[in-house]
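Structural characterization, general
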Amino acid sequence: GYGESDPEDSNALGSRLSKPVEILDLLASIQTDKPIFLWGHSNGGQIMLSVVEILGMTSLQGQALKVQGVTLWAPVSKPFPYNILYYTDDASDSGKWLRGQVSEFEKDYDVFNYSIDRYLDWINIPIQLHQGTADEAVPRKWSDDLAKNIQDRDKEINYFVYSGADHNMRPSWDMVVARDVSFFTSLN
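Summary of the structure given here. Because the structure is predicted, anything quoted here is derived from the model rather than measured.

A short note on the sheet that holds strand β2 (residues 67-73)
If you trace the four strands from one edge of the open sheet to the other, you get β1-β2-β3-β4, paired in parallel fashion. What marks the edges here is a single partner per strand, and that holds for β1 (36-41) and β4 (157-162). Averaged over all neighbouring strand pairs, the angle between strand axes comes to 15°, with direction disregarded. Summarising the sheet, strand β3 (residues 127-132) and β4 pair through six bridges and their orientation is parallel. Its bridge partner lying in β4, His130 is registered against Phe160.

Following this line, the structure appears as structure tokens:
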């Protein structure tokens, strides 16, 4: 839905929860013997975390993995629904409408079942994580906590912190991209 590339789901939560399914459908449609690597930034990083968790679960069921690694730039990595409610301060209604949507969702669903922190054990794809110290959109603590939680599960993760880098990894963008290329090359 960014840049008016396609219309957003009219359901505020549906649009967030459908993205991993769309990526999984896309991956299933790719016919190649070559390795596939994923990249996600910000909310896209959260989506990619969900995708690698689901791929890890399916590999435990005997399905082969096409994806060889994922790189995450300042991912939104807090549990659902906090991960979306955190950003409501700037909304014209201070998040009242979105909190109502979450409340309606909770009537029928257990929100914890939709939270990425519940499925980190399923991950079996190498992860590279980047975070800038001057990021005003995703707090560094989120990436620190994510890296520690993944490491505590003996999962493969490379974590890099860039002093003074913003949410888009500026002024360290060239170094981040070079590390990602090196990471993907090492997995190929």
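Moving on, there is more to tell.
Re the packing of aromatic side chains
Scanning the entire structure with this criterion turns up 15 aromatic pairs. Ring centres of Tyr82 and Tyr86 lie 5.8 Å apart, and the angle between their planes is 55°; this geometry places the pair in the tilted category. According to the relative accessible area criterion, Tyr82 is partly exposed, its value standing at 40%. Of the aromatic side chains, those joined through ring pairs into one cluster are Phe80, Phe105, Tyr109 and Tyr114.

Quick look at the environment of Ala12
Examined against the element boundaries, Ala12 turns out to sit in helix α1 (residues 12-29). Taking relative accessible area as the criterion, Ala12 reaches 17% and is therefore assigned buried. Residues Ala12 and Trp73 lie 61 residues apart in sequence; the distance between their C-alpha atoms is 24 Å. The contacts of Ala12, once residues within four sequence positions are left out, are Trp97, Leu98 and Gln101.

Looking at the nonpolar core
Leu38 and Ile127 are the most contacted members of the largest nonpolar core, which totals 23 residues. Of all the elements in the fold, those that place two or more residues in this core are α1, β1, α2 (43-60), β2, β3 and α5 (140-152). Ranked by residue count, the leading element in this core is α2, at six residues. Once residues within four sequence positions are removed from consideration, Ile127 is found in contact with Leu49, Val70, Leu72, Ile150, Glu156, Ile157, Asn158 and Phe183. In terms of nonpolar packing, the next biggest core, distinct from the first, is built from nine residues, Val76, Tyr162, Ala165 and Val176 among them.

Notes on the pattern of salt bridges
Going through the model one piece at a time under the given rule, you end up with six salt bridges. Taking the shortest distance from any N to any O, the salt bridge between Asp145 and Lys141 comes out at 3.0 Å. In this pair, Asp145 and Lys141 both sit in helix α5, four residues apart, roughly one turn of the helix. Where Lys148 meets Asp152, a salt bridge forms, and the shortest distance between an N and an O atom there is 2.7 Å.

Basis of the calculations
- Residues numbered from 1 in each chain as written.
- Predicted model: local features only at pLDDT ≥ 70, side-chain atom pairs only at ≥ 80, totals over all residues.
- Heavy atoms only, no water.
- Pairing = 2+ DSSP bridges.
- Helix = DSSP H or I, 4+ residues; strand = E, 2+ residues; numbered from the N terminus.
- Axes fitted to C-alpha atoms, helices over the stretch in contact; angles between N-to-C directions.
- Phe/Tyr/Trp six-rings, centres within 6.5 Å; stacked < 30°, edge-to-face > 60°.
- Buried < 20%, exposed > 50% of the residue type's maximum accessible area, 1.4 Å probe, protein only.
- Contact = heavy atoms within 4.5 Å.
- Core = buried A, V, L, I, M, F, W, Y, C linked by side-chain atoms within 4.5 Å.
- Salt bridge = Lys/Arg side-chain N within 4 Å of Asp/Glu carboxyl O.

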